[in-house]
Amino acid sequence: MPEPLSAAIVGGSGYVGGELLRLLLAHPHVTVLQITSESQTGRPVHTVHPNLRSVTDLKFSQEGSLDAVDILFLALPHGSAAGRMDHFDGLAQRIIDCSADFRLRDAGVYAQWYGHAHPDPDRLPRFVYGLPERHRSELTGATHASGVGCNASATILALGPLADEGLLERVVADIKVGSSEAGSRPSESSHHPERSGVIRSFMPTGHRHQAEVVQTLGTGFDLSFSVTSVGLVRGVLVTAHCFLRAAVTEKDLWALYRNHYGSEPFIRLVNQRRGIHRYPEPRLTTGSNFCDVGFVVDQGSRHRRVVVLAALDNLVKGAAGSAVQSMNLMIGCDEVAGLGFPGLHPL
Ligand SMILES: NC(=O)c1ccc[n+]([C@@H]2O[C@H](COP(=O)([O-])OP(=O)(O)OC[C@H]3O[C@@H](n4cnc5c(N)ncnc54)[C@H](OP(=O)(O)O)[C@@H]3O)[C@@H](O)[C@H]2O)c1
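Quick caveat: nothing in here was measured; it's all calculated off a predicted structure. All residue numbers refer to position in the chain's written sequence, counted from 1. Reporting of local features is limited, given that this is a predicted model, to residues whose pLDDT is at least 70; pairs of side-chain atoms are given and counted only at 80 or more, and all residues count toward the totals for whole chains, interfaces and linings.

Let's talk about the site of the ligand
Any residue whose C-beta atom, as placed from the backbone, lies within 6 Å of a molecule or strand is termed near it. Close to the ligand lie 29 residues; G11, G14, S99, G183 and S184 are nearest. Only DSSP runs of H or I covering at least 4 residues are called helices, and only runs of E covering at least 2 are called strands; the numbering of each starts at the N terminus. Counting residues per element, the ones that place at least two in the shell around the ligand are α1 (15-25) and α9 (316-331). Ten residue types, Ala, Val, Leu, Ile, Met, Phe, Trp, Tyr, Cys and Pro, are classed as nonpolar, four, Asp, Glu, Lys and Arg, as charged, and the remainder, Gly among them, as polar. Its residues placed into classes, the shell around the ligand shows 10 nonpolar, 16 polar and 3 charged. Either an automatic procedure or a domain database provided the assignment from which the domain bounds are taken. Domain assignment of the residues forming the shell around the ligand places at least three in each of domain 1 (5-126) and domain 2 (150-314).

Written out as structure tokens, the structure reads:
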């Protein structure tokens, strides 16, 4: 691999763009040459991402001044990239689009969930869904990857082992999310007096990330998906009430989840008998690329209920971290390169 590879980030003044830059600045095989922002052109990156003060001298440039690079990251709002892929393809051989524009393979499913026809349906099959735990072999050497929905990632990683074994009959996934999931642009609902400390039902039904879960895990079980905004800045916690086709013990679940995830670098199984951190908790993943997964058998349930929990940082494992992990597979370097930050405690 000729080193270092050059990269650029489009939409770099947003939260995902900032996290991509933070991770890539520490990457051993990639150098970020440009990061774009139309609203901040010419300003030092640290004026928007103050955690990067003294870490980089980069300034925001305009999208129109982008030079060709080896890898282009798109961190634009949903709908901004899909109509311009000819342009972006002309700039880089490898593209990772963090938006939802190329996550779904089927244009009909896209129209059903997004309410309009996909502007570039012929390109959909070219993109690999950028969740390495499910698509490692397709991502290896790929040229195009989509980003992932953060709620979808947590749900897929929680349910994957049970779904693969055909054990799921019905799942009620209750998902709590922090405010950074909505991006950096302020809105009425993100106004501090309205957002602080909330437990606000956001999408009790109809959340678009459900389509990514069904695409990945199939239609072999009934999925209910409810999303609630909570008073965190970062973090997703999925509490999935799983009603199984066959009874299992906790020992069975340990064996199943260890078998699926034992060699996964960014999945930690969390199910401790003692202490206050017995189950996955989003705060403990803050800034890291980990997804913590845990499970409990409801001994008293007549419905073979198992509760599976998953926690991650929506801006890292739910966005920029999975994108960098996917890039590592695409360029053929160590899958964990640049992703070693373990999170913080206490926080
Ligand atoms: N936030 C998350 O937790 C998360 C998780 C997974 C995936 N994603 C996806 O990642 C992408 C970026 O998310 P984000 O949270 O970083 O969003 P964001 O904070 O709103 O950033 C988006 C950036 O795109 C630029 N932009 C260009 N055209 C724009 C337009 N028409 N309207 C608004 N901004 C525009 C903006 O910068 P300038 O105006 O300065 O150019 C803005 O900083 C989205 O597609 C999102 O769905 C986000």
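Some words on unusual backbone geometry
Here the bond from H345 into P346 is cis, since omega is -5°, no more than 30 degrees from zero. Checked against the element boundaries, P346 lands in the segment after α9. Located in the positive-phi region is S54, a residue other than glycine, with phi close to 70°. For S54, the position within the fold is in the loop between β2 (30-36) and β3 (60-61). Although it is not a glycine, R304 sits at a positive phi angle of roughly 50°. With respect to the helices, strands and loops of the structure, R304 is situated in the loop between β13 (291-297) and β14 (305-312). Buried residues are those with 20 or more other C-beta atoms within 10 Å of their own C-beta, exposed residues have 12 or fewer, and partly exposed residues lie in between; C-beta atoms are placed from the backbone. With 16 C-beta atoms packed within 10 Å, R304 lands in the partly exposed category.

Quick notes on the domain arrangement of the protein chain
A common measure of how large an interface is: the accessible area buried when the components associate. Taken domain by domain, the protein chain consists of domain 1 (5-126) and domain 2 (150-314). Every contact between the two is made by 10 residues of domain 1 and, on the other side, 7 residues of domain 2. The greatest single-element share of the side of domain 1 that touches domain 2, amounting to 3 residues, is contributed by helix α3 (residues 107-114). Tallied by class, residues from the side of domain 1 that touches domain 2 come to 7 nonpolar, 1 polar and 2 charged. Whether two residues are in contact depends on their C-beta atoms, placed from the backbone: they are in contact if these lie within 7 Å.

Some details on the pairing of strand β5 (residues 92-97)
Burial of β5 is extensive: 5 of the 6 residues sit out of reach of the surface. Pairing between strands requires that DSSP locate at least two bridges from one strand to the other. Here strand β4 (residues 69-74) pairs with β5 via 5 bridges, running parallel. Looking at the pairing, L72 lines up with I95 of β5. Direction of pairing for β5 relative to strand β7 (residues 144-146): parallel, over a ladder of 3 bridges. Within β7, the residue paired with I96 across the bridge is A145.

Overview of helix α7 (residues 209-217)
Within α7, 7 of the 9 residues are buried, leaving the element largely enclosed by the surrounding structure. Taken residue by residue, α7 has H209, Q210, A211, E212, V213, T216 and L217 as its buried positions. The inward-facing, buried residues of α7 abut α3, β6 (128-129), α4 (132-139), α5 (150-164) and β10 (222-230). Directly after α7, the chain includes G218, whose backbone phi takes a positive value near 90°.

Here we look at the packing of α1 against α9
Note on definitions: angles span 0 to 180 degrees between N-to-C directions of axes, and those axes are lines fitted to C-alpha atoms, for helices only across the stretch in contact. At their nearest, the axes of α1 and α9 sit 9 Å apart, and the two run at 45° to each other. Our classification of the angle between α1 and α9 gives oblique. Crossing handedness for the pair α1 and α9: right-handed. In this structure, α1 contributes V16, E19, L20, L23 and L24 to the contact, and α9 contributes V316, A319, A320, G321, A323 and V324. Of the residues in the contact of α1 with α9, the class split is 9 nonpolar, 1 polar and 1 charged. Any angle that falls under 35 degrees is termed roughly parallel, while one over 145 is termed roughly antiparallel, one within 65 to 115 roughly perpendicular, and all others oblique. Take the far helix as your reference; a near helix turned counterclockwise from it by less than a right angle gives a left-handed crossing, and one turned clockwise gives a right-handed crossing.

Here we look at the sheet that holds β13
Strand order across the open sheet formed by 7 strands is β9-β10-β8-β11-β14-β13-β12, with mixed pairing between neighbours. If you trace the sheet from one side to the other, it starts and ends with β9 (199-203) and β12 (267-269), each paired once. Strand after strand, the sheet turns through a mean of 25° between neighbouring axes, direction not considered. Inspection of the sheet shows β12 paired to β13 by 3 bridges, in the parallel sense. Its bridge partner lying in β13, I267 is registered against C291.

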